[in-house]
Amino acid sequence: MKQKVIKVNAEDNVLVALANLTKGEEVKYNGETFVLQTDVTAKHKFVTTDLKVGDEIHMYGVLVGKASEPITKGSRITTSNVKHAVSGEFVVKQNTINWKAPDVSKWKGKEFMGYHRSDGKVGTANYWLVIPLVFCENRNIEILKEAFLKELGFAKPNNYQQHVKKLIKLKQTGAGIEDILDFQFIDTDGYANQFGKSPDFPNIDGIKFLTHEGGCGGIRQDANVLCSLLASYITHPNVAGATVLSLGCQNAQISILEEEIKKHDPNFDRPLYILDHQQSGSEQKLLIEAINKTFAGLIHANETKREPAPLSKLTIGVKCGGSDGFSGISANPAVGYVSDIIVGLGGSSVLAEFPELCGVEQELVNRTIKKEDAEFFLQLMKKYAANAAAVGSGFDMNPSPGNIKDGLITDAMKSAGAAKKGGTSPIVDVLDYPQQVKNPGLSLLCTPGNDVEAVTGLAAAHSNIVLFTTGLGTPTGNPVTPTIKISSNTTLYNKMHDIIDVNTGTVIEGDETIEQAGSRMFDYIIKVASGEEIISAVRNGQDDFIPWKRGVSL
């Protein structure tokens, strides 16, 4: 550790502890000495001047809270002495934006190996989907999953099952409780590090069986949104084709799905098999037909092979979850630099999770090219906040216990760091869920902050890679979009290396700059996009899929 504290922005009146600091310790920063009045654990902040009740606290150069009681210079800020606060007045105007992209000469002319689709998009993977239009078909989806994966070689060995078998044998030989608790069959770190590929279908990266709890029983709007979401996945560049099971009588009708597919891709030409259970008759007839058609579809999908594609065909979604006090200093800015590289190369980037943009609205408005998009963004934010307030919640309640414990004590502070994932480039579009990316450049996408709901939406926007930063650790993945996990600190990377792909703790330790970490990350992304690197979420079979019902989810 080359320094003990850091000030993120020159206008801030807090310093961030990069290591554990003790009460009475003298800390020097930028020629000034601070005597700590309290212990300040790593990732937390202390004030650089005396504050009275109501005084503003700034971090990342924005308002992140106000003092709820007097705070002495050198004292740690906590949920007890600080309350959430943001500026509520926003000015929208037609912006003149002079943005200078980072130097991308290193990657000019470089390509990745991807799957080309007839609509001009390029996939970083080649999956077949098997999905239900309604939750009534979830059981049949699971039956199909069991029938296909093991026989074709896509199933990953279940070493945990073998572990249970060993425990049964131990019990049968008279082993006691302590023997059972201490038993280690194999190295647990290696349990999930296996990736299934089919020798019969070498150009297919897997069959993905999605289930959900929607399609009927709720409001019709939810069924319509679900059909739009599923259409987004069916037309996704990482998807070769799909098998869809419908019961027949549900709100999410086949006709709605077909209409949404036409909206997403008017010339859609990939294999698509939609089966109606009530028309098929018996469950056996339905499943046999589904198996036959899916197998035929796999033969067709396997004909597509990876071919060179320009880096401008990359669309990355950016997300954070299980964030800590270092996320906004290391991982998020490094991802933001990657976002700027992508945009500089003519590609696309998508910044989601609107509850975690609370407090940085004006900054984003100022970066939005079209005035109508800036107004739409604020409209979505206000509506979202009002919906949360209507049920007795609010954006101020967004930080989780883990966030708070690790230094993110207000939503505005969390948001200011989370927004760094979007880099510095102009905002070309504002999208509502589950819309797709329309133009190259940076887009904002309205989703919850909830990890899986947000990533589900980023994939629906046709991100062909997701970058997911974390300071506390999360196994989140997605069925169709490779989700790269990035740690904000080296301790997490070493502790949970089986679910983390990239470490940016090097920035905290002073061994790399944001730009160096971002460049290293982008080189890794190209390998992932080309199928040369298998990321942890794919190895571990982390196929999380949760559609967002447009009620309140933070």
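In this text, all values refer to a predicted model and were calculated from it rather than measured experimentally.

Colleague: Hey, could you run me through the sheet that holds strand β13 (residues 239-246) in this one?
Modeller: Sheet strands pair by backbone hydrogen bonding; their relative direction is either parallel or antiparallel. Pairing within the open sheet is parallel, and its 4 strands lie in the order β12-β11-β13-β14. The open sheet has two free edges, formed respectively by β12 (206-209) and β14 (272-276), since each of these has just one partner strand. On average, each strand axis in the sheet is tilted by 15 degrees relative to the strand beside it, whichever way the strands run. With 6 bridges joining them, strand β11 (residues 127-132) and β13 adopt parallel strand pairing. Paired with I131 across the strands is V244, a residue of β13.

Colleague: Help me understand unusual backbone geometry in this model?
Modeller: Note on backbone geometry: most residues besides glycine have negative phi, and most peptide bonds are trans. Of note, the amide linkage connecting Y433 to P434 takes the cis form, showing an omega dihedral of -5 degrees. Residue position: P434 is located in the loop between β18 (427-431) and β19 (441-445). Although it is not a glycine, Y60 sits at a positive phi angle of roughly 60 degrees. Position of Y60 relative to the elements: it lies in the loop between β6 (56-59) and β7 (62-67). Judged by its relative accessible area of 8%, Y60 falls in the buried class.

Colleague: Could you clarify how one ought to interpret the pairing of β19 in this entry?
Modeller: Along a regular strand, successive side chains alternate from one face of the sheet to the other. Counting buried positions over the 5 residues of β19 gives 5, a clear majority of the element. Relative to β19, strand β17 (residues 348-351) runs parallel, the two being bridged by 4 bridges. Within β19, the position partnered with V350 by the bridge is S443. Here β18 pairs with β19 via 4 bridges, running parallel. Paired with V430 across the strands is L444, a residue of β19.

Colleague: Can you walk me through the sheet that holds strand β15 (residues 307-310) in this structure?
Modeller: Across the sheet, which stays open at both edges, the 3 strands sit in the order β10-β9-β15 with antiparallel pairing between neighbours. Sheet topology places β10 (122-123) and β15 at the edges, where each strand pairs with a single neighbour. Here 4 bridges tie strand β9 (residues 111-116) to β15, and the two strands are oriented antiparallel to one another. The partner of E111 across the bridge, within β15, is P310.

Colleague: Just checking my understanding: could you explain the environment of G346 for this structure?
Modeller: Checked against the element boundaries, G346 lands in the loop between α8 (331-344) and β17. For G346, a relative accessible area of 32% gives the class partly exposed. Measuring from C-alpha to C-alpha, the distance between G346 and P440 comes to 6.1 Å, with 94 residues separating the pair along the chain. Look past the residues within four positions of G346 in its chain and what remains in contact with it is S312 and P440.

Criteria and cut-off values
- Residues numbered from 1 in each chain as written.
- Predicted model: local features only at pLDDT ≥ 70, side-chain atom pairs only at ≥ 80, totals over all residues.
- Heavy atoms only, no water.
- Pairing = 2+ DSSP bridges.
- Helix = DSSP H or I, 4+ residues; strand = E, 2+ residues; numbered from the N terminus.
- Axes fitted to C-alpha atoms, helices over the stretch in contact; angles between N-to-C directions.
- Buried < 20%, exposed > 50% of the residue type's maximum accessible area, 1.4 Å probe, protein only.
- Contact = heavy atoms within 4.5 Å.

Honestly, that's just the spatial picture; any functional story needs more than this.
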